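Chain by chain, the residues:
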Amino acid sequence: MRTISKATVLVILLSCGVIHAQKELLQSGPMLGYSTMREVAIWVQTTEETQMYFEYWDKNDPETIFQSDEVLTDTYDAFTAQIVIADLQPGKIYEYRLFINDEKIELPYKLKFRTQELWQWRHDPPTITFVIGSCLYINETAYDRPGTPYGGNYEVLKRIYEKSPEFMVWMGDNVYLREADWSARSSILARYTHTRSTPLLQPLLGSTHHYATWDDHDYGPNNSDRSWWNKETALEAFKLFWANSSYGVMGQEGVTSFFQWGDLDFYMMDDRYYRSPEHRKNTDRVILGDTQVEWLIDALTSSWAPFKFVVIGTQFLNPNAGGENHSMYPAERKEILDKIAAENIPGVIFLTGDVHRSEVTKIERAGTYPLYDITISPMTAGPSKAYANDARIPESLLTDRGFGYFEVTGPRKNRVLTLTIIDWQGKEHYSISINENELK
């Protein structure tokens, strides 16, 4: 029997203490942000001011290890940092690890990121998998309304992780600011920190790339609009906690952005920063505003993607005016639909959240293809009952927590998109497949 000296025991105990101490410096993350063929962004939050960096390697060449730039986290930015890793090779899966104050952070799950494949002019586009979701409410008793907790079934985050999507699109209400949060920068950052630190969220953050837009609850108060006085601070917080590749278009502030994955295009719209007040009478009623609408139509007409996903926090196609859907703003809704038709833009699909139920809306259009609005909501916030939607595909309705899982397969010019709505327990509720040639 081998004996262990007191000195060896002391070394082991000290080592365990160092590992524990270093892990205590990690608040949340790492989280993968945008990915391109040669570059990715990774986000991290620490618990105090620290120095940090990553080591990473091609999964198929673990002996060749690279190191990212080093960054310092600071108090003012809630100890958040984003590191861009460049000079990568396309179509690779990389594994990585985090170092804080030169000590490796041990985590109970694998960390990996991917670069997009260089398929153009070489072969058919690759199979693509991604997830969409909205309305992530994480309880905090001291600041929640009294009574039954509004958030629940956090296991949905594990179910998403188990699907191993390449990326995830967050469609708004990704954080729920409360009354105690709205008016101060520090409390907005504290709310983001509390939500982002959810334990079941961490494995998903570390292995799936994330893109986000917002809706009212991560922008400001319920149903908030362009008059919200603290929206610049909300925008600052959004930029600190997400790692999109851009924010705003055509010189405008806000979270509007675009990204491409494989042969798919995503238009991340901002439905709050320029939204006209609900009860003002003598003004144009808009959600997106003229500049965003013109940018969207310009960009859609320039796209060769078989599926062009327009991501908006609130429902767009539901023809029954109610709540905050776009039918409450009929002139702008009609303008967008008319321009899509007039420009003969193929492949447009809307992705929306907000309403705390999931459903697929289908609008038939004379002389052209039907439009779909895929609404997925909520992930963990309280589900709602089914409200009116005359264009709903009835069997698609889910009044429970869940997410949407997409797989895009097939050769170029014959791509097939398959959506599956999955509840928080991992049960498949509804599935639909759409061939790109049905949207021409």
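Visitor: Go over the sheet that holds strand β18 (residues 371-375) with me, naming the residues and quoting the values.
Guide: Strand order in this open sheet of six strands is β13-β14-β15-β16-β18-β17, and the pairing throughout is mixed. Looking at strand neighbours, the two that pair on one side only are β13 (257-261) and β17 (359-363), the edges of this open sheet. Taking the axes of each pair of neighbouring strands and ignoring which way they run, one obtains an average angle of 20 degrees across the sheet. The pairing of strand β16 (residues 348-352) with β18 spans four bridges and is classified as parallel. Its bridge partner lying in β18, L351 is registered against I374. With respect to the sheet, helix α7 (residues 290-301) is in contact with β13, β14 (264-268), β15 (307-312) and β16, its orientation differing from that of β14 by roughly 175 degrees.

Visitor: So what's going on with the side chain of T195? Which residues, and what values?
Guide: Summarising the element assignment, T195 is placed in helix α3 (residues 185-196). If near-sequence neighbours (up to four positions away) are discounted, T195 is found in contact with L136, I138, N174, V175 and L201.

Visitor: So what's going on with the packing of aromatic side chains? Which residues, and what values?
Guide: Here the structure, examined in full by the defined rule, presents 37 aromatic pairs. With a centroid separation of 5.3 Å and 90 degrees between ring planes, the pair formed by F130 and F266 is classed as edge-to-face. On the criterion of sequence distance, the pair formed by F130 in strand β10 (residues 128-133) and F266 in strand β14 is long-range, its members being 136 residues apart. By relative accessible area, F130 is classed as buried at 0%. On the basis of relative accessibility, which here comes to 0%, the residue F266 falls in the buried class.

Visitor: For the pattern of salt bridges, give the residues involved together with the corresponding values.
Guide: With the rule as written, the count across this model stands at 23 salt bridges. When the shortest N-O distance is used, the salt bridge between R285 and E278 registers 3.7 Å.

Visitor: I'd like a rundown of the pairing of strand β20 (residues 416-423), residues and numbers included.
Guide: Among the eight residues in β20, six count as buried, and that is most of the element. Sheet topology note: the strand β19 (residues 402-409)/β20 ladder contains eight bridges and is antiparallel. Residue T409 lies in a different strand from β20, and its bridge partner there is V416. Counting the residues between successive antiparallel strands, the hairpin from β19 to β20 contains six residues, one of them, G410, with a positive phi of roughly 100 degrees. Note: β20 against strand β21 (residues 428-435), seven bridges, orientation antiparallel. Directly across from V416, in β21, lies its bridge partner N435. Between the antiparallel neighbours β20 and β21 lie four residues, among them G426 with a positive phi of about 95 degrees.

Visitor: Just give me the short version of the packing of α3 against helix α6 (residues 231-241), but keep the residues and values in it.
Guide: At a minimum axis separation of 10 Å, α3 and α6 run at an interaxial angle of 35 degrees. Judged by the sense of rotation from one axis to the other, the crossing of α3 with α6 is right-handed. Contacts between α3 and α6 pair R185, I188, L189, Y192, T193 and R196 from the former with T233, E236, A237, F238, L240 and F241 from the latter.

Visitor: Lay out helix α2 (residues 155-162) in plain terms, naming residues and giving numbers.
Guide: Along an α-helix, a turn takes 3.6 residues, which lines up residues three or four apart on a common side. Among the residues of α2, V156, L157 and I160 are the ones counted as buried. Take α2 and look down its axis: the buried residues cluster within an arc of 105 degrees, on one side only. If you follow the buried residues of α2, they end up packed against β10, β11 (167-170), α4 (202-207) and β19. Remark: S164 follows α2 within two positions and exhibits a positive phi of approximately 50 degrees.

Visitor: Describe in detail the side chain of Q292, supporting the description with residues and values.
Guide: Inspection of the secondary structure puts Q292 in helix α7. A distance of 2.8 Å separates a polar atom in the side chain of Q292 from the backbone oxygen of D270. Within the structure, the side chain of Q292 is placed 3.0 Å from the backbone oxygen of L288, a separation counted as a polar contact.

Visitor: Describe the pairing of β14, naming the residues involved and giving the relevant values.
Guide: Burial analysis of β14 places five of its five residues in the buried class, which makes it a mostly covered element. By the alternation rule, side chains of β14 split into L264, F266 and M268 and D265 and Y267, which are all buried. Linking β13 to β14, which pair antiparallel, is a turn of two residues; within it G262 sits at a positive phi near 60 degrees. By the bridge criterion, five bridges tie β14 to β15 in an arrangement that is parallel. The partner of Y267 across the bridge, within β15, is V310.

Each value, and the rule that gives it
- Residues numbered from 1 in each chain as written.
- Predicted model: local features only at pLDDT ≥ 70, side-chain atom pairs only at ≥ 80, totals over all residues.
- Heavy atoms only, no water.
- Pairing = 2+ DSSP bridges.
- Helix = DSSP H or I, 4+ residues; strand = E, 2+ residues; numbered from the N terminus.
- Axes fitted to C-alpha atoms, helices over the stretch in contact; angles between N-to-C directions.
- Contact = heavy atoms within 4.5 Å.
- Phe/Tyr/Trp six-rings, centres within 6.5 Å; stacked < 30°, edge-to-face > 60°.
- Buried < 20%, exposed > 50% of the residue type's maximum accessible area, 1.4 Å probe, protein only.
- Salt bridge = Lys/Arg side-chain N within 4 Å of Asp/Glu carboxyl O.
- Left-handed = near helix turned anticlockwise from the far one by under 90°.
- Arc of directions from axis to C-beta.
- Polar contact = N/O pair within 3.5 Å; in protein donor to acceptor, adjacent residues only side chain to side chain.

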